[in-house]
Structure formats: C-alpha cells, structure tokens
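Overview (structure and organization)
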Amino acid sequence: MAVGQASMVTTASAEDVLAFIMDVEAYQAVDPRLKTITWVRRSPGETVFRFRPRLMGMPGPRTTQRVVLTAGRRVDIIPVPSPMDRIVLFAGLLECVEEDGLVRVHRRLEFRFARPLSWLLDPLMRRWLAKDVPAELARLKAHLEATT
C-alpha cells in the first residue's frame, strides 16, 4: 500500500475548504493530478466526476470518482467500482478540524496495487506522494488565503 498524507493550518473556514474541494473543476487549480475532467454530476453533498488523472507525471486510465461531503468536517473520495479495481484501489480524504479560530486540514491519499505490481509501484508511489501531497496542501492554503 502507498499512502501520502499531510496537514496544514489555514485561516479559511472549514466550509470554504470543503466547498472548494467539492468543486472539482475549481480544485484543478491546486491539484494537477486532476488532469482532464470529462464530466461532472452534482447533487447535495456529493460530486461524481470522470477524469483522466496524472500520477508521477504520467497520464493514468480514465476513472470515475465520488466526492462525498460530511458537512463541516470532511470529504471522502471514493472511486466508482470498475474493472480497474482488480489492479488498483484508491481512497482519499480531506478533513477539517477547527482549532483556536483556525482550521487544521488533513489530506490522505491511499493506493493499493495488486501483486506483483505492488512490489514495484508501492515504493515509487510512496516517495512521490511524500512530496506531492504536502505540495498540494501548500497550493490549497495559498489559494484559499488569497481568495478569503
């Protein structure tokens, strides 16, 4: 399993952070992994979208994901089941906790590759995610604090 996680503190409200990530087209500004978005469907508390990710600098296969909001607290990113699940499983979250008038934002991305791919890809993804997730949060903080 390859996990990348990071935290940051922002002056933006939890609602602003969560609303921004729910707007996947706007979130592309801080997350270059969201390379090409094909379509987006929104309903209260949920965004479903199809896109082609960019991972470790390379285009990935088209995938469909659900972004599910727990109001004021977090979003969970869950892939819509597909044949790719036999090769890789993905889960992500962005969680907000208010602390002393600020908001601590925690981001976690998790990839589970099937064997024997995991032997090769897990270490590569771990190293990449260790840099990529903190960089994403730095861009998120800069964007949120410039617009609020």
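Residues numbered from 1 in each chain as written. Predicted model: local features only at pLDDT ≥ 70, side-chain atom pairs only at ≥ 80, totals over all residues. Heavy atoms only, no water.

What follows is about the overall build of the protein. A tally of regular secondary structure across the protein gives 3 helices and 9 strands. In sequence order, the secondary structure elements of the protein are arranged as β-α-α-β-β-β-β-β-β-β-β-α. In terms of C-alpha radius of gyration, the protein reaches 15 Å, essentially the compact-globule figure of 15 Å for 148 residues. Sorting the 148 residues of the protein into buried and exposed places 38% on the buried side. In the protein, once contacts between residues fewer than 6 apart in sequence are set aside, the share between residues at least 24 apart is 49%. Taken as a whole, the protein presents about 8000 Å² of accessible surface, with 58% of it coming from carbon and sulfur. (Helix = DSSP H or I, 4+ residues; strand = E, 2+ residues; numbered from the N terminus. Rg over C-alpha atoms; globule rule 2.2 N^0.38 Å. Buried < 20%, exposed > 50% of the residue type's maximum accessible area, 1.4 Å probe, protein only. Contact = heavy atoms within 4.5 Å. Areas by Shrake-Rupley, 256 points an atom, 1.4 Å probe, with all protein chains shown as cover.)

In a soluble, globular protein the nonpolar side chains are often hidden away together inside. By size, the foremost hydrophobic cluster in this structure holds 37 residues, and its most contacted members are Leu-94, Val-105 and Leu-140. Every element with two or more residues in this core is listed here: β1 (2–10), α1 (14–22), α2 (24–27), β3 (46–52), β7 (74–79), β8 (88–99), β9 (102–113) and α3 (117–147). Setting aside chain neighbours within four positions, we find Val-105 in contact with Ala-6, Ser-7, Met-8, Thr-10, Val-17, Leu-94, Glu-95, Cys-96, Leu-137 and Leu-140. (Core = buried A, V, L, I, M, F, W, Y, C linked by side-chain atoms within 4.5 Å.)

The contact between α1 and α3 brings their axes to 11 Å, and the two run at 115°. Handedness of the crossing formed by α1 with α3: right-handed. Across the interface between the two elements, Asp-16, Val-17 and Phe-20 of α1 pack against Leu-140, His-143 and Leu-144 of α3. Taken together, the residues of the contact of α1 with α3 sort by class into 4 nonpolar, 1 polar and 1 charged. (Axes fitted to C-alpha atoms, helices over the stretch in contact; angles between N-to-C directions. Left-handed = near helix turned anticlockwise from the far one by under 90°. Nonpolar A, V, L, I, M, F, W, Y, C, P; charged D, E, K, R; others polar.)

Moving on to the layout of surface pockets. Size it by volume and the largest pocket reaches roughly 640 Å³. For the largest pocket, the lining is made up of 36 residues, of which Pro-53, Leu-55, Thr-63, Gln-65 and Phe-111 are closest to its centre. Those elements that place two or more of their residues in the lining of the largest pocket are α2, β3, β5 (58–59), β6 (63–70), β7, β8, β9 and α3. Residues belonging to the lining of the largest pocket are distributed by class as follows: 27 nonpolar, 4 polar and 5 charged. (1 Å grid on protein atoms, 1.4 Å probe; cavity = no way out; pocket = protein on both sides within 12 Å on 5 of 7 lines; lining within 4 Å. Points joined across faces, edges and corners; volume = space filled by probe spheres on them.)

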